[in-house]
Amino acid sequence: MSILIRVLLCLVLFASSAYADFKIEKTDNNGLRITHDGKPFAEYVVDQGNKPYLWRVYGPTEKLMTRAYPMEDVEGERKDHPHHRGITFGHEGINGIDTWAEEKTFENYLENPKRAEWAQGRLDALGKIVHRSYEEVTANKDFCRFIEICDYVDGKGKKILEEKRTVTFRANAEQRLIDFDQELIASEDQLHIEDKKDSGLSIRVPTSMDVDSKLGGTIINSEGQTNKDAWSQPGNWCDYYGPVDGETVGVAILNHPESFRHPTRWHVRTYGLFTANPFASKQFDSANPDFAFDLDKGENIKLYHRFVFHKGDEKAGKIAEAYETYASESR
């Protein structure tokens, strides 16, 4: 074999293998960019709003699976709830501190004399989830992962708790998966965690996918409840699917059996909000018991969820089967 042919073969092998794995790299301001097979998967943002979030997030067909607003202004998108940023976590009431909403949430209300006092009160209660450090950032041919430590602080910067967050990315020909494992730790003192519907792990789906756009968007949970009937109901999983750029795609959130208060309730809305919320009960239905609880200093709760980005509806995406696989894994 000639030297030239050997060189060409090496180049071909390098080209075919260079992107056949995961890569994760730091971005400006300590964010992260994740790619698979040389194609974008997700970006992690830690320096905007009042908490970290994943955006943009791409599914297995390279479609964007999160609304762009408020990070970008895209024609035709809904412009409500600016705190619904990609994939994020927040809670409206831990020791009276709100990390669900953000300043932008209440800007317009301040200009309304009838709502200004209420809006100012909400602003005064706002806190932040602050990125402190990455304990691990790793990538190989099978997955990539980061482990992050976050501090929850009040409006004056006083720390009230900390979180250890482990986010793992995987992919196959039909699905892209993101595992979101969280440990909320009462690191400073006792915590009072309120019963709040606006709390939990969320994704805001693209406008074209949402039910209210009437383009085919559908919500369905593991109990077979759909659309508005799925809101506030408990289940092992919930799926939201619909058209994006002319193609039906979907995202399911799976709630692991070892997760706090499994099966979680789903704060899932026909306008596009999709949240796994184990914290609310009475705020969903006044006839329900109050789910508020206390954590003593040093205690923790653990939350385990898997996002499954898939082709087609929940049946084509084999979401029931995906849940059985996930549930069989020890956390």
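Let me begin by describing the structure that accompanies this report. Every value quoted in this text rests on a predicted model; they were computed, and no experiment measured them.

Definitions and cut-offs
- Residues numbered from 1 in each chain as written.
- Predicted model: local features only at pLDDT ≥ 70, side-chain atom pairs only at ≥ 80, totals over all residues.
- Heavy atoms only, no water.
- Pairing = 2+ DSSP bridges.
- Helix = DSSP H or I, 4+ residues; strand = E, 2+ residues; numbered from the N terminus.
- Axes fitted to C-alpha atoms, helices over the stretch in contact; angles between N-to-C directions.
- Phe/Tyr/Trp six-rings, centres within 6.5 Å; stacked < 30°, edge-to-face > 60°.
- Buried < 20%, exposed > 50% of the residue type's maximum accessible area, 1.4 Å probe, protein only.
- Lys NZ or Arg CZ within 6 Å of the ring centre and 35° of its normal.
- Contact = heavy atoms within 4.5 Å.

Strand order in the open sheet formed by eight strands is 6-7-8-9-18-14-13-12, and the pairing between neighbours is antiparallel. Pairing within the sheet leaves two strands with one partner each, and these edge strands are strand 6 (128–139) and strand 12 (218–221). Each strand of the sheet is rotated relative to its neighbour by a mean of 15°, with strand direction disregarded. Two strands pair when backbone bridges link them, and strand 8 (residues 159–171) and strand 9 (residues 175–185) are joined in this way by 10 bridges, in the antiparallel orientation. For Arg165, the partnering residue across the bridge sits in strand 9 and is Gln182.

Before going further, it helps to examine the packing of aromatic side chains. By the definition in use, this model includes 14 aromatic pairs. With 5.1 Å between their ring centres and 80° between their planes, Tyr109 and Trp118 make a pair best called edge-to-face. Classification of Trp118 as partly exposed rests on a relative accessible area of 36%. Note on Tyr134 and Phe146: the rings are 5.9 Å apart at their centroids and 80° apart in plane angle, and the pair reads as edge-to-face. Note that Tyr134 is positioned in strand 6 and Phe146 in strand 7 (residues 144–153), a separation of 12 residues in sequence. A relative accessible area of 16% places Tyr134 in the buried class. Of note, Arg170 hangs over the ring of Phe143, and the distance from its end group to the ring centre comes to 5.7 Å. The aromatic ring of Phe291 is capped on one face by Arg261, whose charged end is 4.2 Å from the ring centroid.

Moving on, we get to the pairing of strand 9. Burial analysis of strand 9 places 10 of its 11 residues in the buried class, the great majority of the element. Inspection of the sheet shows strand 9 paired to strand 18 (residues 300–311) by 11 bridges, in the antiparallel sense. Bridging across to strand 18, Leu184 finds its partner in Ile301.

A few words on the environment of Thr168. Tracing the sequence through the fold places Thr168 in strand 8. Given a relative accessible area of 4%, Thr168 falls into the buried group. When the C-alpha positions of Thr168 and Glu102 are compared, they lie 26 Å apart, and in sequence the two are 66 residues distant. Every residue in contact with Thr168, bar those within four places of it in the chain, is listed here: Phe143, Cys144, Arg145, Leu177, Ile178 and Asp179.

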